Amino acid sequence: MNHTAATPIQAQFLQTLVARGWYPDRVRADVASKDFDTAAGGRTAVVHCRLNKDGDHVLAGDYQSEGRNALSTCWAMFRPETDEATISAEIERFAAEVEKAIGETYAVRIKALLAEPEEETSIADAPRGC
């Protein structure tokens, strides 16, 4: 259980993710999750904003797909002296990158293809020659 209060950056991180449809963890103030419907069933992504030993905030996440973490290359880091505008832009970039990476996983792409309505072509719609 996390007994410390969220840092301002963690609070901003959570606020940004919640605005994008993620939900906060019930216990930890530095974690957000989001459920995704895939061809293989429901999957949950988890992202976090943790402090490292140097006092930097590190954003990372986990979304298991095809036997690997599809978010392994999605991350951001803020040093204590980072300005607010940069932090805000990087949190938004991180969130967009995470959602893009998840959208590109095989099971999410297949689900999207299966959801597309089939186009029916009739003989009347066929091109006519002279």
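Preceding this section is the structure that the text describes.
Because the structure is a prediction, the values reported are computed rather than measured. (Residues numbered from 1 in each chain as written. Predicted model: local features only at pLDDT ≥ 70, side-chain atom pairs only at ≥ 80, totals over all residues. Heavy atoms only, no water.)

Draft legend 1. Structural view of the overall build of the protein chain. Assigned secondary structure in the protein chain consists of three helices and seven strands. A buried classification covers 32% of the 130 residues belonging to the protein chain. Restricting the contact set of the protein chain to residue pairs at least 6 apart, pairs at least 24 apart contribute 42%. Put simply, the protein chain shows about 8600 Å² of open surface, and 54% of that area lies on carbon and sulfur atoms. (Helix = DSSP H or I, 4+ residues; strand = E, 2+ residues; numbered from the N terminus. Buried < 20%, exposed > 50% of the residue type's maximum accessible area, 1.4 Å probe, protein only. Contact = heavy atoms within 4.5 Å. Areas by Shrake-Rupley, 256 points an atom, 1.4 Å probe, with all protein chains shown as cover.)

Draft legend 2. Structural view of the sheet that holds strand β4 (residues 57-62). Pairing within the open sheet is antiparallel, and its five strands lie in the order β1-β2-β3-β4-β7. Looking along the sheet, the strands with just one partner apiece sit at the ends: β1 (23-24) and β7 (76-78). Pairing between β4 and β7: three bridges, direction antiparallel. In the strand pairing of β7, L59 is matched with A76. Here helix α1 (residues 8-19) sits on the sheet in contact with β1, β2 (31-38), β3 (41-51), β4 and β7, set at roughly 155 degrees to β3. Against the sheet, helix α2 (residues 84-103) contacts β2, β3, β4 and β7, and its axis sits at roughly 165 degrees relative to β7. (Pairing = 2+ DSSP bridges. Axes fitted to C-alpha atoms, helices over the stretch in contact; angles between N-to-C directions.)

Draft legend 3. Focus on the pattern of salt bridges. Tallied over the entire structure, the rule returns 11 salt bridges. A salt bridge links K53 to D54; its shortest N-O distance comes to 3.8 Å. The class of K53 is exposed, set by a relative accessible area of 79%. Close ionic contact of E104 with K100 constitutes a salt bridge, the shortest N to O distance being 2.8 Å. Its relative accessible area of 43% is what places E104 among the partly exposed residues. The exposed category is assigned to K100, whose relative accessible area is 54%. (Salt bridge = Lys/Arg side-chain N within 4 Å of Asp/Glu carboxyl O.)

Draft legend 4. View of the environment of L114. With respect to the secondary-structure elements, L114 resides in helix α3 (residues 106-115). A relative accessible area of 64% means that L114 is categorised as exposed.

Draft legend 5. Layout of the packing of α1 against α2. At a minimum axis separation of 10 Å, α1 and α2 run at an interaxial angle of 40 degrees. When the axis of α1 is compared with that of α2, the two are oblique. Read as a crossing pair, α1 and α2 show a hand that is right-handed. Contact with α1, carried on its side by I9, Q12, F13, T16 and L17, involves E84, I87, S88, I91, E92, F94 and A95 of α2 and no other residues of that element. Of the residues contributing to the contact of α1 with α2, the split by class is seven nonpolar, three polar and two charged. (Parallel < 35°, antiparallel > 145°, perpendicular 65-115°, else oblique. Left-handed = near helix turned anticlockwise from the far one by under 90°. Nonpolar A, V, L, I, M, F, W, Y, C, P; charged D, E, K, R; others polar.)

Draft legend 6. Representation of the environment of K111 in the model. With respect to the element layout, K111 can be found in helix α3. Taking the relative accessible area as the measure of exposure, K111 reaches 31% and is therefore partly exposed. Along the primary structure K111 and D37 are separated by 74 residues, whereas in three dimensions their C-alpha atoms are 7.6 Å apart. In terms of polar contacts, K111 uses its side chain to reach the side chain of D37, at 3.3 Å. (Polar contact = N/O pair within 3.5 Å; in protein donor to acceptor, adjacent residues only side chain to side chain.)

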